[in-house]
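Chain by chain, the residues:
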Amino acid sequence: MNVLLLDDEPLELEQLEYLLQSEFPSWKFFKASDASQAHSINLNHELDLAFLDINLPGKSGIEFGEELRQSNKDVEIIMVTACQDFSYAQQSIRIGVADYLTKPVIESELLKILSKYKKHPFSQNYSSLIQCSLKAIHEMFAEKVSLSDIARKVHANPTYLSRKFHEETGLSFSEYLIQYRIHMAKRFLITTPKWTIADVAENSGFSSQNYFSTLFRKIEGVSPTEFREKERSK
């Protein structure tokens, strides 16, 4: 399931992605900080669900929602707003908004809104075994975790799990674990400015700061420090 997250506040984006990914590990998320970025994503990916912040610099979330609806009549739209305004509700009704979320997003409210997607066909991209495995990885990524650890947790043979994991995700267990750890490291770099790079590395599951920094640069094209500074300047 392809999901668009549109918000001009980096912390809000990271929090929303974290909450959603923990509950729906098979979903694919695309993040945008303005309508222009969101438009580009929509051109290149068939979106199934969109979370749109109403108040954005330039084109508003509602204006983008109207454009999105014109190009994709089946996409489900959830508006996210920090203020209650009846005029927003009226405009949202016109473009067929599925629901609303208020900021700051509360996990219980988010999950209540998304409960209907538990049996959504797009949530079944992965088998129950792989979905359980992904959820276990998301829970244990900061620990010294192995394929065998995950196999025990989901009651599967490690060899069988390894094969199924690669067949369904297109990645090996170790490749996915590294990608998820880097994803969480990026979140920590933004949300915990008081943490040193060593703190981020440790809490993301990397035993060595040097290895973490080298791997981060290889994957992201910048060092962890450069990434943090770039995000702060936005």
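Residues numbered from 1 in each chain as written. Predicted model: local features only at pLDDT ≥ 70, side-chain atom pairs only at ≥ 80, totals over all residues. Heavy atoms only, no water.

The name an unreviewed UniProt entry gives the protein is YesN/AraC family two-component response regulator, with Neobacillus niacini as the organism.

(A) View of the UniProt feature "modified residue: 4-aspartylphosphate" (unreviewed entry) in the protein. In the UniProt entry, the feature "modified residue: 4-aspartylphosphate" (unreviewed entry) is given for D53. Since its relative accessible area comes to 3%, D53 is described here as buried. If we ignore the near neighbours within four places in the chain, the residues touching D53 are L6, D7, D8, G61, V80, T81 and K103. (UniProt positions renumbered as here; feature names shortened; annotations may be inferred. Buried < 20%, exposed > 50% of the residue type's maximum accessible area, 1.4 Å probe, protein only. Contact = heavy atoms within 4.5 Å.)

(B) Layout of helix α12 (residues 224-232). Among the residues making up α12, those that are buried are P224, F227, R228 and E231. Axial view of α12: buried residues confined to an arc of 100 degrees, hence all on one face. Buried residues along α12 sit in contact with α1 (10-23), α9 (173-191), α10 (197-203) and α11 (209-220). (Helix = DSSP H or I, 4+ residues; strand = E, 2+ residues; numbered from the N terminus. Arc of directions from axis to C-beta.)

(C) Examining the nonpolar core more closely. The biggest cluster of nonpolar side chains holds 35 residues, and the ones touching the most others in it are I130, I137, I150, L161, Y176 and F212. At the level of secondary structure, the elements contributing two or more residues to this core comprise α6 (128-140), α7 (147-153), α8 (158-169), α9, α10 and α11. Here this core gets 10 residues from one element, more than from any other, and that element is α9. The contacts of Y176, once residues within four sequence positions are left out, are P25, L134, I137, H138, F165 and L171. (Core = buried A, V, L, I, M, F, W, Y, C linked by side-chain atoms within 4.5 Å.)

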